[in-house]
Amino acid sequence: MTLALAVDFGLALLVLAVAGWTIAVRDTFAAVIGFVAYGLLLALIWVRLAAPDVALTEAAIGSGLTGLLLLGAAARLRAIETPATAPGTALRWVAGGLCVLVAAGLAALVLWLPDPAPTLAPMAVAHLPATGLGNPVTGVLVAYRAIDTLLEAVVLLPALIGVWSLASDRCWGGAPILRYPRQDGALTLLAQVLPPFGIILGIYLCWNGADEPGGAFQGGAVLAAMWALILLAGLADAPPVSRRWLRVLLVAGSAVFLAVGLAGIWIAEAFLAYPAGYAKPLILIIEVVLTLSVAVALGLLIAGPPAEDPT
Amino acid sequence: MSLALNLFTILSVSIGAFFFLAGTVGLLRFPDPLTRLHALTKADNLGLGLVVMGLLPQVQWPLGTMKLLAVWLFVLLAGTTVSQLMARAARREGPDA
């Protein structure tokens, strides 16, 4: 067994152990911590599988951002949560049986894959020059399967509306409050030192997405994290959610994407098709505006429902 | 020269790994949050510092070097902040608070 294989084996065992612990542990807070650790380990596995794009997304959104949202939910639920009661024997057997079925089905699918597995990868790479991009993953995301990415961008808005709808009537249209309850020197220092680097990293991830791993969602997630850090330290306040510029920023990404897509019907040959020769600049414009919108939407998701009287 | 550098790497990374091991043992064995954090900082500061120092001769100057140093500095910054926050939370909610 080579050293690399031993490391991979250890990683796989560790992920399974953390996943099992996350399910088994009764405390909500501990389960969320387990979930975050699980996501980071999963990102390492994606790196080992030579899929840095997926690893970046998993670390930034799957583990980091979702973890933050779950932490917020756990903190909100803490006051009203009752200790979980153990389910009955019958329910356990049914749940266990269904899990075994799903696992067996997945295992059978993987084991019975034809060799070599069917893949569109060569075609994706062959047609990449037409888009002017260097990263085939970005090519799939914003050119071949642009409709998926468009829907992903749009779905953030209903999610945000869902969070906002938790606001009380009095606070509707006001500002969300995300602030660490006590003034803390260490947190303030971190929120002063880290954001300049984080903002550069976010812009780099967005810009670099055309040719290297990265993209609008990863860059936006990093920018949102920096914003959340500043809010948390109390260095700045979140804007009231009724602000016009805020709402314009939120829909700008989806709107530009949709506009380019609709224009494609006339100037190219189909919805979401790019005219020949203009693919790269159009994709770049979409990515930049989308990064901004994603950053604002994710930041507001973390900040939570409006909690301040708008007056 | 290359042999000496490789020996330096092996030695430094090994000592760093030892500090990580010691920090983890402390994390598992020490009785209360503050001493556990104390054990953890050994892994963070000494362990990571030694591992990064050991890897420096193996990477390309200047980009690789700068990347390693940036990783080291960012982990230090984040680790220190989180330890501070956790220690204060522990002191507030601790048994003798």
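Residues numbered from 1 in each chain as written. Chains lettered and ligands numbered in written order. Predicted model: local features only at pLDDT ≥ 70, side-chain atom pairs only at ≥ 80, totals over all residues. Heavy atoms only, no water.

K.L.:
Which parts of the structure should I look at to understand the packing of aromatic side chains?
P.N.:
For any pair of aromatic rings, the description consists of the separation of the ring centres together with the inter-plane angle of the planes. The tally for this structure, following the rule as stated, stands at two aromatic pairs over all chains. Between the aromatic rings of F197(A) and F74(B), the centroid separation amounts to 5.2 Å while the plane-to-plane angle is 80 degrees, which identifies the pairing as edge-to-face. Taken together, the positions of F197(A) in helix 8 (residues 185-208) and F74(B) in helix 3 (residues 63-93) put the pair across two chains. By relative accessible area, F197(A) is classed as partly exposed at 45%. Relative to F19(B), the ring of F18(B) lies with its centre 5.9 Å away and its plane at 70 degrees, an arrangement referred to as edge-to-face. (Phe/Tyr/Trp six-rings, centres within 6.5 Å; stacked < 30°, edge-to-face > 60°. Helix = DSSP H or I, 4+ residues; strand = E, 2+ residues; numbered from the N terminus. Buried < 20%, exposed > 50% of the residue type's maximum accessible area, 1.4 Å probe, protein only.)

K.L.:
How should I be thinking about the nonpolar core in this particular structure?
P.N.:
Within soluble globular proteins, side chains that are nonpolar tend to cluster in buried spots. Residue and element names in this part refer to chain A. By size, the foremost hydrophobic cluster in this structure holds 42 residues, and its most contacted members are L156, L250, F257, Y274, L290, L298 and L300. Looking at this core, the elements that each hand over two or more residues are helix 3 (52-77), helix 6 (136-144), helix 7 (146-164), helix 9 (216-233), helix 10 (244-267) and helix 11 (279-303). Here the element with the most residues in this core is helix 11; it accounts for twelve residues. Once residues within four sequence positions are removed from consideration, F257 is found in contact with A146, T149, L150, L272, Y274, I286 and L290. (Core = buried A, V, L, I, M, F, W, Y, C linked by side-chain atoms within 4.5 Å. Contact = heavy atoms within 4.5 Å.)

K.L.:
Explanation requested: the domain arrangement of chain A in the structure shown.
P.N.:
Interface size, as often reported, equals the accessible area lost upon joining of the parts. Residue and element names in this part refer to chain A. Here the domain parsing of chain A yields domain 1 (1-85) and domain 2 (119-311). Of note, the centres of domain 1 and domain 2, computed from C-alpha atoms alone, are 23 Å apart. Across the interface of domain 1 and domain 2, roughly 1,000 Å² is buried in total on both sides, 77% from carbon and sulfur atoms. When residues of domain 1 are sorted by the area they lose upon contact with domain 2, D53, L56 and L65 head the list and together hold 47% of the total. In this structure, the connection of domain 1 to domain 2 is made through zero salt bridges. Applying the counting rule to domain 1 against domain 2 returns three residue pairs in polar contact (both at pLDDT 80 or more). Considering only residue class, the side of domain 1 that touches domain 2 consists of seven nonpolar, one polar and two charged. (Domains from an automatic or database assignment. Buried area = accessible area lost by both parts, 1.4 Å probe. Salt bridge = Lys/Arg side-chain N within 4 Å of Asp/Glu carboxyl O. Polar contact = N/O pair within 3.5 Å; in protein donor to acceptor, adjacent residues only side chain to side chain. Nonpolar A, V, L, I, M, F, W, Y, C, P; charged D, E, K, R; others polar.)

K.L.:
Looking at this structure, how should I read the interface of chain B and chain A?
P.N.:
In this assembly, seven residues from chain B lie in contact with ten residues from chain A. Taking both partners together, chain B and chain A bury about 820 Å²; carbon and sulfur atoms supply 71% of that area. On the chain B side of the interface with chain A, the three residues burying the most area are L77(B), L85(B) and R92(B), jointly 53% of the side's total. Inspection of the region where chain B meets chain A yields zero salt bridges. The interface formed by chain B and chain A includes zero residue pairs in polar contact (both at pLDDT 80 or more). Here the residues of the side of chain B that touches chain A are counted per class, giving three nonpolar, two polar and two charged.

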